[in-house]
Amino acid sequence: MSMTIRADSQANELLQTVEALSGQRLAACYQCGTCAATCPFVAAMDLPPDRLIQQLRFGLPGVLERRAFWVCVGCDSCAERCPRAIAVPRVMEALRLIAIRERGDRLAVAQLPAATLRDLPPIALVASLRRNTG
Amino acid sequence: MQLAYYPGCTIKASARQHEQAALAILRALGVELREMAEWNCCGVVHTLTSANLIRHMAPVRVLARLRQQGAHEVVTLCDMCFNTLARANLLARQQPEQFAAISASTDSELRYDGDASVLHLLQVLRDRVGLAALRARVRRPLRELRVYPYYGCKLLRPSTVGIDDPEIPTLLRDLLEALGATVIEGHLQTRCCGAYQAVDQPELVAERVTATAAQARAGGAEAIVLSCPLCHFNFDTLQPRNGAPLPVFYYTQVIGLAFGLEPEELGLETRQIDQLPPLRQRDRAQAKGGAA
Ligand code: SF4
Ligand code: SF4
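Predicted model, so just to flag it, every value in this text is computed and none were measured. (Residues numbered from 1 in each chain as written. Chains lettered and ligands numbered in written order. Predicted model: local features only at pLDDT ≥ 70, side-chain atom pairs only at ≥ 80, totals over all residues. Heavy atoms only, no water.)

> Go over the site of ligand 2, please, and point to the residues and values.
Taken together, 13 residues form the shell around ligand 2, and within it Cys39, Cys72, Cys75, Asp76 and Cys78 of chain A come nearest. Here the residues of the shell around ligand 2 are counted per class, giving 11 nonpolar, one polar and one charged. (Near = heavy atom within 4 Å. Nonpolar A, V, L, I, M, F, W, Y, C, P; charged D, E, K, R; others polar.)

> Can you lay out unusual backbone geometry for me, pointing to particular residues and giving the numbers?
Leaving glycine aside, a negative phi is the common case for residues, and trans is the common case for peptide bonds. Residue and element names in this part refer to chain B. The omega torsion across Arg157 and Pro158 is -5 degrees, close enough to zero to call that bond cis. One non-glycine residue with positive phi stands out, namely Val44, at about 70 degrees. Positionally, Val44 belongs in the loop between strand E2 (32–35) and helix H2 (57–68). A relative accessible area of 5% means that Val44 is categorised as buried. (Helix = DSSP H or I, 4+ residues; strand = E, 2+ residues; numbered from the N terminus. Buried < 20%, exposed > 50% of the residue type's maximum accessible area, 1.4 Å probe, protein only.)

> Requested: an account of the domain arrangement of chain A, with residues and values cited.
All names here are of chain A. According to the domain assignment, chain A consists of domain 1 (9–103) and domain 2 (106–134). Inter-centroid distance (C-alpha atoms) of domain 1 to domain 2 is 24 Å. Each partner contributes residues to the interface: domain 1 has five residues there, and domain 2 has five residues. Roughly 480 Å² of surface becomes buried between domain 1 and domain 2 when both sides are summed, with 54% attributable to carbon and sulfur atoms. Where domain 1 touches domain 2, the interface holds one salt bridge. Our count for the domain 1 to domain 2 interface comes out at one residue pair in polar contact (both at pLDDT 80 or more). When residues of the side of domain 1 that touches domain 2 are assigned to their parent elements, the largest contribution, three residues, is made by helix H6 (residues 88–103). Of the residues assigned to the side of domain 1 that touches domain 2, the class counts are three nonpolar, no polar and two charged. (Domains from an automatic or database assignment. Contact = heavy atoms within 4.5 Å. Buried area = accessible area lost by both parts, 1.4 Å probe. Salt bridge = Lys/Arg side-chain N within 4 Å of Asp/Glu carboxyl O. Polar contact = N/O pair within 3.5 Å; in protein donor to acceptor, adjacent residues only side chain to side chain.)

> Can you tell me about empty space enclosed by the protein, naming the residues and giving the values?
For the structure on display, the rule yields six cavities of 30 Å³ or more. The calculated volume of the largest cavity comes to roughly 140 Å³. For the lining of the largest cavity, the secondary-structure elements that each account for two or more residues are helix H3 (79–94) and helix H9 (229–238) of chain B. Its residues assigned to classes, the lining of the largest cavity shows 14 nonpolar, two polar and three charged. Each pocket or cavity is described by its volume, and for the second largest cavity that value is around 100 Å³. As for the second largest cavity, its lining consists of 13 residues, and the residues nearest its centre are Cys29, Cys32, Cys35, Cys82 and Ile86 of chain A. Here the residues of the lining of the second largest cavity are counted per class, giving nine nonpolar, three polar and one charged. (1 Å grid on protein atoms, 1.4 Å probe; cavity = no way out; pocket = protein on both sides within 12 Å on 5 of 7 lines; lining within 4 Å. Points joined across faces, edges and corners; volume = space filled by probe spheres on them.)

Written out as structure tokens, the structure reads:
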């Protein structure tokens, strides 16, 4: 059985937008998996960071439906260790931004329980809004 | 020593005890923090895409105001404020053209060319006051107290603004040892606690703080000592309730206890002291000695 994958960047609009927004060139990634091995939240991701990058490069469908980039909290652990100096958190932020532009905000403050709003430190709430809304 | 001080929103809301303890220990060390006359929220997170440059304005506004108020450096206690201000400052130095573009679209008040320095209080203690001076001020050494220092993310990463080695930091260990405490360490000290996911994905945070507290406990720690108000909230509220959760303290409170300051001056409740067996025993012994 054979399968053809088009790594044709002209046709890969999502990859182009992600690269423009994040300032990262994903062709540089050599799929070593260090980011996935480092990430404290990889178990909760439906696609580890290295495979997310691979699917973006191949232009595979369904990337924007993934949960992985909403799980990423931007802890910079992977970015510090990436041997190709790719800022994975910037790639994740670009995907969040594109998803928000296409589908709207992921979080509505009005829907959070009053007790949550009262107890949370302001930095938690503001950070969450900055990452989950446009 | 006098330094300009940027508190940030959380220090004035859920982390007041950290500020209270910081001001108390700094008074004891002869350092005065002067709160900026006017300040705004720093924006909390550094903007990571090229689309929302306007969001860099919040931290830059803080730094521009600082310069207007005649200061060159500013201290913060909050790890998130520190990280956001320091990264915006770095950007202002490295890519001034970006800021010129943002400034052009706003008022002239916002001229800022990256000539201020952003300091975390831990840097002030380590590099200005010095750990030797800290040790010299200790009145009640924390002997017998076994603590697990937790660094989290924002003090260390990205390493371009971090204040210690991102992989093997030693700052909190050195500080706690200077107070006479026994330090328990492990690789989860620098792993993220889940941060703002506490808002709508608390299960992510619960998993991390549970694993980290378990590592601390396995090493024999009786308390977790940390710096970030968000880490504090997460460890304080999301450790599993079955079994006693490890108590969480700001480093400023632990320094204050070693200085012999009263728990009330450090925003500590008796309940929290009672969670630390060596301190409780010591207090009991002192109370007995006092009564005799
Ligand atoms: S660590 Fe860097 S090079 Fe390795 S897979 Fe992840 S992004 Fe690619
Ligand atoms: S920045 Fe995101 S992807 Fe990278 S280690 Fe942290 S949570 Fe995982």
